[in-house]
Amino acid sequence: MKQSEFIAKVMPFKDKVFRLAKRLLVSTEEAEDATQELYYKLWKNKEKVSEYKSVEAFAMTMTKNYCLDRLKSKQAGNLRLVHDNYEENNVGLSKRLDDEDSVNKIHEMIKCLPEQQRIIVQLRDVEQYEFEEIGKILNMQPTAIRVALSRARKTLREGLVKFHNYGVS
Amino acid sequence: MELVKIEELLEKYFEATTTLQEEGELREYFSSDDVASHLLSYKSMFGCFTSDLEKKISSKLLVKSMGREKRSGRFRFVAVAASLALVVSLFSSKYIVEKRQAGQAYEDTQRALSMISTELNKGNVAMSQLYKYEEVKNTIFKK
């Protein structure tokens, strides 16, 4: 496979990979490293890549595995808490001041979810994948995904309700 | 959109039985400005999902990572060639030095041997003169 062909095939989902990595690793730098690592691996195995039916699902699976490995390793243990650099440049400033608190709160709550639920929320609510696609990526049954997703969404709802009733949780 | 329908969709949403399209409707509703007050707490959640989708990686990084791979491949070839050349030259120079040393030793021994043979020849000449004395002595004392 030529380089241009390869780029055309793998570049469209680079942001999805990055966002999934960021959701799991939290730090932007770590997520960038993970994305680079993934593309490096894909590039090394570029002959195999052309054989896969869905390169995207394959890449997302690899990203997930890589990030979970990183989280397990000691190195990432402290990064998880230290780097917390969310940037919301795209929301208007006045709105941003109002929302900032609750947006941060939501990020915080998502961070507290179990890793698998975090991945599912990311893939479904942010990236808007179909359940079958998520099933392919995580190697799970769609019904199991539904259960996990429902649990995650309800946890978020609980947190939100608490937050809005008391201002703290 | 009717409030009843939104509430219904929300209920389904938390059971994770909504389709992508229905979730899109919810997202749209919560991005508008007139959200019912008792549902306002969900607004930030859907807003958060939408704004998270805007996060992008700078493409420079990725191009660099692929360039890095290519370059390192070439460097690896150069490194292998260089180390190979070094090893070969080391061995060949050692061989040449050994050969030269052997040649020198050979010459030295040859010179030493030829010296011995000339000295021995001198000794032979002297000895033959001694035989002459013996002959002369014999001829004198026989008579």
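Structure first, text after, so check above.
A brief report on the enclosed structure follows. Just so it is clear, the model here is predicted, and its values are computed rather than measured.

**Some points on the overall build of chain A**
- A tally of helices and strands in chain A yields 10 helices and zero strands.
- In sequence order, chain A lays out its α and β elements as α-α-α-α-α-α-α-α-α-α.
- Every one of the 169 residues in chain A was classed for burial, and the buried ones make up 47%.
- For chain A, the accessible area works out to roughly 8900 Å², and carbon and sulfur atoms hold 49% of it.

**Looking at unusual backbone geometry**
Residue and element names in this part refer to chain A.
- A positive phi is found at Gln-128, a non-glycine position, where the angle reads about 55°.
- A relative accessible area of 33% places Gln-128 in the partly exposed class.
- Positioned with a positive phi, Asn-139 is a non-glycine residue whose angle comes to about 55°.
- Inspection of the secondary structure puts Asn-139 in the loop between α9 (131–138) and α10 (142–166).
- With a relative accessible area of 71%, Asn-139 lands in the exposed category.

**Section: the interface of chain B and chain A**
- With 32 residues of chain B in contact, the opposing surface of chain A contributes 44 residues.
- Inspection of the region where chain B meets chain A yields four salt bridges.
- Across the pair Arg-124 of chain A and Glu-23 of chain B runs a salt bridge, and its minimum N-O distance is 3.1 Å.
- Joining chain B to chain A, the criterion identifies 14 residue pairs in polar contact (both at pLDDT 80 or more).
- Breaking the side of chain B that touches chain A down by element, the ones donating at least two residues are α1 (3–14), α2 (20–31), α3 (40–52) and α4 (59–142) of chain B.
- Across the side of chain B that touches chain A, the residue classes tally to 13 nonpolar, eight polar and 11 charged.

**Details of the environment of Leu-39 of chain B**
All names here are of chain B.
- Following the sequence through the fold, Leu-39 ends up in the loop between α2 and α3.
- A C-alpha to C-alpha distance of 9.7 Å links Leu-39 and Leu-10, two positions 29 residues apart in sequence.
- Not counting chain neighbours up to four residues away, the residues in contact with Leu-39 comprise Leu-3, Ile-6, Glu-7, Leu-10, Tyr-29 and Phe-30.

**Observations regarding the nonpolar core**
- Counting residues in each nonpolar core, the largest one holds 64 residues, and the members touching the most others are Leu-42 of chain A together with Leu-10, Phe-30, Leu-39, Met-45, Phe-46 and Phe-49 of chain B.
- For this core, the element with the highest residue contribution is helix α5 (residues 55–72) of chain A, accounting for seven residues.
- When residues of this core are assigned to domains, at least three map to each of domain 1 (1–84) and domain 2 (91–169) of chain A.
- Not counting residues within four places of it along the chain, the set of residues in contact with Met-45 of chain B comprises Ile-106, Leu-156 and Leu-160 of chain A together with Tyr-13 and Phe-14 of chain B.

How each quantity is defined
- Residues numbered from 1 in each chain as written.
- Chains lettered and ligands numbered in written order.
- Predicted model: local features only at pLDDT ≥ 70, side-chain atom pairs only at ≥ 80, totals over all residues.
- Heavy atoms only, no water.
- Helix = DSSP H or I, 4+ residues; strand = E, 2+ residues; numbered from the N terminus.
- Buried < 20%, exposed > 50% of the residue type's maximum accessible area, 1.4 Å probe, protein only.
- Areas by Shrake-Rupley, 256 points an atom, 1.4 Å probe, with all protein chains shown as cover.
- Contact = heavy atoms within 4.5 Å.
- Salt bridge = Lys/Arg side-chain N within 4 Å of Asp/Glu carboxyl O.
- Polar contact = N/O pair within 3.5 Å; in protein donor to acceptor, adjacent residues only side chain to side chain.
- Nonpolar A, V, L, I, M, F, W, Y, C, P; charged D, E, K, R; others polar.
- Core = buried A, V, L, I, M, F, W, Y, C linked by side-chain atoms within 4.5 Å.
- Domains from an automatic or database assignment.

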